Amino acid sequence: MPSQPSDPSYTVPGLRTQDSGRIIELLQMRLHSLNDLHLTLKHIHWNVVGPHFIAVHEMIDPQVDKVRDMTDDLAERISTLGGEPNGTPGALVHARTWNDYSIGRAEAMEHLGALDLVYTSVIEDHREAMRETEEVDPVTQDMLIEQLRGLELFQWFVRAHLESSGGRLSTRGATTETGAAGQAAEQARHQP
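Residues numbered from 1 in each chain as written. Predicted model: local features only at pLDDT ≥ 70, side-chain atom pairs only at ≥ 80, totals over all residues. Heavy atoms only, no water.

### Details of the confidence of the model for the protein chain
Worth spelling out the cut-off: Every residue is assigned a pLDDT by the predictor, reflecting its confidence on a scale from 0 to 100. Counting from the N terminus, the helices are the DSSP runs of H or I reaching at least four residues and the strands are the DSSP runs of E reaching at least two.
The pLDDT averaged across the protein chain works out to 94; a share of 96% of its residues lies at or above 70. The lowest-confidence element of the protein chain is helix α6 (residues 177-189), averaging 93 in pLDDT; the highest-confidence one is helix α4 (residues 108-133), averaging 98.

### Regarding the nonpolar core
Using the following cut-off: Residues belong to one nonpolar core when they are buried, are Ala, Val, Leu, Ile, Met, Phe, Trp, Tyr or Cys, and are joined through side-chain atoms within 4.5 Å. Each residue is placed in one exposure class: buried if its accessible area under a 1.4 Å probe, protein chains only, is under 20% of its type's maximum, exposed if it is over 50%, and partly exposed if it falls in between. Any two residues whose heavy atoms approach within 4.5 Å at even a single point are treated as in contact.
Counting residues in hydrophobic clusters, the biggest one holds 44 residues, and the most contacted among them are L37, L115, Y119 and L151. Listed by contribution, the elements that provide at least two residues to this core are α1 (17-47), α2 (53-80), α4, α5 (138-162) and α6. If you tally residues by element for this core, the top one is α4, at eleven residues. Sequence-distant contacts of Y119, defined by excluding residues within four places in its chain, comprise L37, L41, Q63, L151, F154, Q155 and V158.

### Looking at the side chain of Q187
Here Q187 is to be found in helix α6. Under the relative-accessibility criterion, Q187 is labelled buried at 14%. Ignoring any residue separated from it by four or fewer positions in sequence, one finds Q187 in contact with L162, E163, S164, R168, L169 and S170.

### Quick look at the packing of aromatic side chains
What counts here: Put simply, two rings from Phe, Tyr or Trp (the six-membered ring, in Trp's case) pair if the centres are within 6.5 Å, and we call them stacked under 30 degrees between planes, edge-to-face over 60, tilted for the rest.
A full pass over the atoms with the stated rule returns three aromatic pairs. An angle of 50° between the planes, with centres 6.4 Å apart, marks the rings of F154 and F157 as tilted. Of this pair, F154 and F157 both sit in helix α5, three residues apart, which is roughly one turn of that helix. A relative accessible area of 7% means that F154 is categorised as buried. Judged by relative accessible area, which is 30%, F157 ranks as partly exposed. With a centroid separation of 5.7 Å and 45° between ring planes, the pair formed by W156 and F157 is classed as tilted. A relative accessible area of 55% means that W156 is categorised as exposed. A connected cluster of aromatic rings, assembled from ring pairs, spans Y119, F154, W156 and F157.

Here is the structure:
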């Protein structure tokens, strides 16, 4: 895997190459994260079963398309800043700090429970990148804010299936995908 130079040889006017180098690193990790999310969403789309199959199956594909658009925006911003976006599977696997999605063929509620945790992780990391770009590059921050708007909306779609009429999320307190999946399935069994 080719290594990414820490500081590009050029960047956009008004931004120091050192600052641009750090932003490129942040955006590269966001690119890996959203490429992984795109693949995870397709995996869920292909492996969801049960009574809520069609609702979840059809809800996921528009999310896949929007997340893929987000990856394109990230890669183009990396290039604009003088970097070289790396979207290969090997680069993603080498750089990621998270494990593969852990749920295979499962009922819709189980996948939605696990996906809630996936979205939480992606959103938290995106928010951190947004904070880090606030002072030095508001253009990049603006892009990240717009992506957060979409990611948070998608998580809301997922959580609408996981929320009780009393406002309690079935995934509350879950720390693993399998735990969240189990909690979501358990709550679904007790709801009409």
